[in-house]
There are 2 protein chains.
Amino acid sequence: MEEIISSRQNIQIKKIRGLLQKKNRQKEDAFLLNGTKLFMEAFTWGVTITHIFLTTHYIEQTDDKVKQTIEKVRSSGVLYQSVSESVLKSLTSEQNPEGIIVRAKKVKLNKNFFSNCVILDNIRDPGNMGTIIRTVDAAGFDAIICSECCVDIYNEKVLRAAMGSNFHFPIFQTQNVLQEIDKLKKQGYFIIGTSLDGIETLGENLSVPNQKVIIIFGSESHGISPVVEAQCDFLWKLPIWGNAESLNVAVSAGIMMYLLKEKLNN
Amino acid sequence: MEEIISSRQNIQIKKIRGLLQKKNRQKEDAFLLNGTKLFMEAFTWGVTITHIFLTTHYIEQTDDKVKQTIEKVRSSGVLYQSVSESVLKSLTSEQNPEGIIVRAKKVKLNKNFFSNCVILDNIRDPGNMGTIIRTVDAAGFDAIICSECCVDIYNEKVLRAAMGSNFHFPIFQTQNVLQEIDKLKKQGYFIIGTSLDGIETLGENLSVPNQKVIIIFGSESHGISPVVEAQCDFLWKLPIWGNAESLNVAVSAGIMMYLLKEKLNN
C-alpha cells in the first residue's frame, strides 16, 4: 500500500514548498509546475522533471494519455509521491489546483544566432510577463532578454499565463541590460524602443538590415528607462484613436510584434 | 464630529455590499467603483455618483485635486460616509483597496450610428473582458455589443482592468446576438468573425463598403459559436509563427483591431 503524505509539516514537502520563493529556485536551479497542461508541455519539450506530487483523486480521474505520461516519467526513476489535497494546496497559491504539481530543473536553451528578439525592461506583473512570453512565442520571435528588475520567469503566475511557452525558446536574464543592448548594436541589430516619445508609424522606409531587429518593451507604469531609450535606433508608439489613456503592456506588445512582423515579412 | 461606520453589519453597508453581486446591480441599476482612478474617471465622464465611502486615512493622504473633486461631488448632495478600514474592505474583493469606494448609476450611452463595432460572444473572464474594453477604446471602435453569456461589464474586476473605458463609449448587452447580427447585416455592415477556421490574412481586396465593419471575438476556450460563425461574411485568424498553441483573447483582439484599423485607414 502506497504511502500518502498528509502533513504539511513533512520535511520533504517543506523543502519543495520553498520553491515558491525565487531565492530557493535560484539556489536549487529548479522550479514547480502546477497542473496537467504545464506538466504535459514540460514532458513534450524535454524539461527534466525530478519529482511528481499528486492526489489520489487526480490520478483516478485523469485521462489515459496523461496517466501514461506520468507512468513514463515515473518509470524513468523520478520521485513519485501521493499527497493529500491539503498538502497539494500548500504547494501553490492557486485556489483550486487540479491535483498535480511537479518539480523540474530550470531550462537552459541556447541559440547562437537569432534574428528577432524582444527585450523586456522592468516588467513586474507576473500575468503580463506570462502573457508576453506566450505572445512572443506566437509571433515567432527567437528569444527574450529580461532586464534585472523583471519578475522571475519561473514565478508560478508567470508560468500559468505563459502556458508552456517558457520551454519553447530561450529566455535570458541579464544583469546589465545596457551592456547587452550595446553588444547587440555592435552585432548589427536594429533596436526599436517602444515609448510615448516615439512616433506613431514604423514608416515606409524603416530599414532593417538582414531583418536583424530587437524590440524593447518597458514597465507597466513607467515605460522603458531613459538610459535604455537613449540607446535605441528608433522610438515607436501605437496611436490611441479613442479615449483610453494607454494600452495594457501585454496587449500593446502583441500588437507591435504582429505589426512589426508584417512589416518584416513584406 | 463626523460619525464613522465601523460595523460590517450596518444595514446601509450590507445593502451597498449587495452590489458586489450582479443580480443586485441589475435590480438597482447601480454598481460600485473602487479606487481613485475609477472615481476620477467617473466624475470626468459625467457618471452619476450617489454615495461616497472612504476611510479617514484615505482622505488625509490623498492629493488636493482628488480632495477638491470629492468636495464638489459631496456638495452636490451625494451621500458621503466615513467608514473603517474593515468596512471598506468588506465592499470589495481587492486585498488592499486604496480607501475610496463609490456607488454610481449605470451608464446609458447611446449612439444612433456607428461605423466600427465589436461583438463579444461569450467572454467569461473578467480580466480579459476589462482589457478588451480598454483596448476597444484605444483602437477607436465606436461600440461593443456583448452576447447574453458574457461576464457583467459592471463586475468589479472588469471595471478595474478597463480603467475607465466603460464610460467612454456605448457597451450594449443583447439577449439575442444572432438577431443583432442579422439586423446589422441588413444595415449594410460587413461582419468579420475571428475563428480558427478562418484565413490568415485580411486580403488585399477585402471590400468594406463605407467602412461599416463589425468584428466578433469569441470565448477563451471555444471561440465564437458555430451559429454565429455561420452568419459572418469573412472568417479571419492570426498566424501563429512559433510554437504557442494560441494567443490570449484580449491580446489577439488587440492585434486584430489594430491590423483592421490600419487596413481601413489605408
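Everything below is about the structure shown above.
Summarised in this report is the structure supplied together with it. In this text the structure is predicted, and so the values were computed from the model without any measurement. (Residues numbered from 1 in each chain as written. Chains lettered and ligands numbered in written order. Predicted model: local features only at pLDDT ≥ 70, side-chain atom pairs only at ≥ 80, totals over all residues. Heavy atoms only, no water.)

1. Here we look at the pattern of salt bridges
Then, in step 1: Taken as a whole and assessed by the stated rule, the structure comprises 24 salt bridges over all chains.
Then, in step 2: A salt bridge links A:K15 to A:E28; the shortest N-O distance between them is 3.3 Å. Highlighted residues: A:K15 in helix α1 (residues 11-17) and A:E28 in helix α2 (residues 22-28), separated in sequence by 13 residues.
Then, in step 3: For A:K15, a relative accessible area of 54% translates into the label exposed.
Then, in step 4: Residue B:R103 is joined to B:E28 by a salt bridge in which the shortest nitrogen-to-oxygen separation is 2.9 Å. Linking B:R103 in strand β5 (residues 100-105) with B:E28 in helix α2 (residues 22-28), this pair joins segments that are 75 residues apart in sequence.
Then, in step 5: Its relative accessible area of 19% is what places B:E28 among the buried residues.
Then, in step 6: Through salt bridges with shared partners, a single ionic network connects A:K15, A:E28 and A:R103. (Salt bridge = Lys/Arg side-chain N within 4 Å of Asp/Glu carboxyl O. Helix = DSSP H or I, 4+ residues; strand = E, 2+ residues; numbered from the N terminus. Buried < 20%, exposed > 50% of the residue type's maximum accessible area, 1.4 Å probe, protein only.)

2. Section: the packing of aromatic side chains
Then, in step 1: Enumeration over the complete set of coordinates arrives at eight aromatic pairs over all chains.
Then, in step 2: A connected cluster of aromatic rings, assembled from ring pairs, spans A:F31, A:Y154 and A:F167.
Then, in step 3: Looking at A:R74, its charged tip hangs above the ring of A:Y80, at a distance of 3.8 Å from the centre.
Then, in step 4: Taking NZ or CZ as reference, B:K261 lies 5.8 Å from the ring centre of A:W241, over its face. (Phe/Tyr/Trp six-rings, centres within 6.5 Å; stacked < 30°, edge-to-face > 60°. Lys NZ or Arg CZ within 6 Å of the ring centre and 35° of its normal.)

3. Details of the interface of chain B and chain A
Then, in step 1: Opposite the 32 residues of chain B that make contact, chain A presents 32 residues.
Then, in step 2: Across the chain B/chain A interface, buried area totals approximately 2600 Å², and carbon plus sulfur atoms make up 63% of it.
Then, in step 3: It is B:R134, B:W241 and B:Y258 that lose the most area in chain B upon contact with chain A, and together they represent 26% of the buried surface on that side.
Then, in step 4: Remark: the boundary between chain B and chain A carries two salt bridges.
Then, in step 5: The salt bridge partner of A:K37 is B:E245, with a shortest N-O separation of 3.1 Å.
Then, in step 6: At the boundary of chain B and chain A, one finds 18 residue pairs in polar contact (both at pLDDT 80 or more).
Then, in step 7: At the level of secondary structure, the elements contributing two or more residues to the side of chain B that touches chain A comprise α3 (36-44), α7 (126-138) and α11 (249-265) of chain B.
Then, in step 8: The biggest single contributor to the side of chain B that touches chain A is α11(B), with nine residues.
Then, in step 9: By residue class, the composition of the side of chain B that touches chain A is 14 nonpolar, 11 polar and seven charged. (Contact = heavy atoms within 4.5 Å. Buried area = accessible area lost by both parts, 1.4 Å probe. Polar contact = N/O pair within 3.5 Å; in protein donor to acceptor, adjacent residues only side chain to side chain. Nonpolar A, V, L, I, M, F, W, Y, C, P; charged D, E, K, R; others polar.)

4. Comments concerning the side chain of B:D137
Residue and element names in this part refer to chain B.
Then, in step 1: Along the chain, D137 falls in helix α7.
Then, in step 2: Although D137 is buried, it forms no salt bridge, and the closest oppositely charged side chain is R134 at an N-O distance of 8.0 Å.
Then, in step 3: A polar contact is formed between the side chain of D137 and the side chain of S165, at a distance of 2.7 Å.
Then, in step 4: Of note is the side chain of D137, whose polar atom sits 2.6 Å from the side chain of H168. (Lys, Arg positive; Asp, Glu negative; His and termini not counted.)

5. Some points on the pairing of strand β6 (residues 116-120) of chain A
For a regular strand, side-chain orientation follows a simple rule: the groups alternate between the two sheet faces.
Residues and elements named next belong to chain A.
Then, in step 1: Along β6, five of the five residues are buried, which leaves the element largely enclosed by surrounding structure.
Then, in step 2: Residues N116, V118 and L120 line one face of β6 and the alternating positions C117 and I119 line the opposite face, and both faces are buried.
Then, in step 3: For β6 and strand β10 (residues 213-217), the ladder comprises five bridges, and the chain directions are parallel. Within β10, the position partnered with C117 by the bridge is I214.
Then, in step 4: Handedness of the crossover joining β6 and strand β7 (residues 143-146) through helix α7 (residues 126-138): right-handed. (Pairing = 2+ DSSP bridges. Right-handed = clockwise from strand over helix to strand, strands pointing away.)

6. So, the sheet that holds strand β10 (residues 213-217) of chain B
All names here are of chain B.
Then, in step 1: Overall, parallel pairing links the six strands, which are arranged β8-β7-β6-β10-β9-β11 in an open sheet. Edge positions in the sheet fall to β8 (171-173) and β11 (234-236), since each has one partner strand and no second. Sheet twist, expressed as the average angle between the axes of neighbouring strands with direction ignored, equals 30°.
Then, in step 2: Summarising the sheet, strand β9 (residues 190-199) and β10 pair through four bridges and their orientation is parallel. By the bridge assignment, F190 is partnered in β10 with V213. (Axes fitted to C-alpha atoms, helices over the stretch in contact; angles between N-to-C directions.)

7. Notes on the sheet that holds β6(A)
In sheet architecture, strand pairing relies on hydrogen bonds along the backbone and comes in two forms, parallel and antiparallel.
Residue and element names in this part refer to chain A.
Then, in step 1: Pairing is parallel in the open sheet, where six strands are placed in the order β8-β7-β6-β10-β9-β11. Across the chains shown, the open sheet's two edge strands, defined by having one partner strand only, are β8 (171-173) and β11 (234-236). Within the sheet, the average angular offset between the axes of one strand and its neighbour, ignoring direction, is 30°.
Then, in step 2: In the sheet, β6 pairs with β7 via four bridges, with the strands oriented parallel. Note on β7: the bridge partner recorded for L120 is C146.
Then, in step 3: The sheet contacts of helix α11 (residues 249-265) involve β6, β9 (190-199), β10 and β11, and relative to β10 the element is tilted by about 165°.

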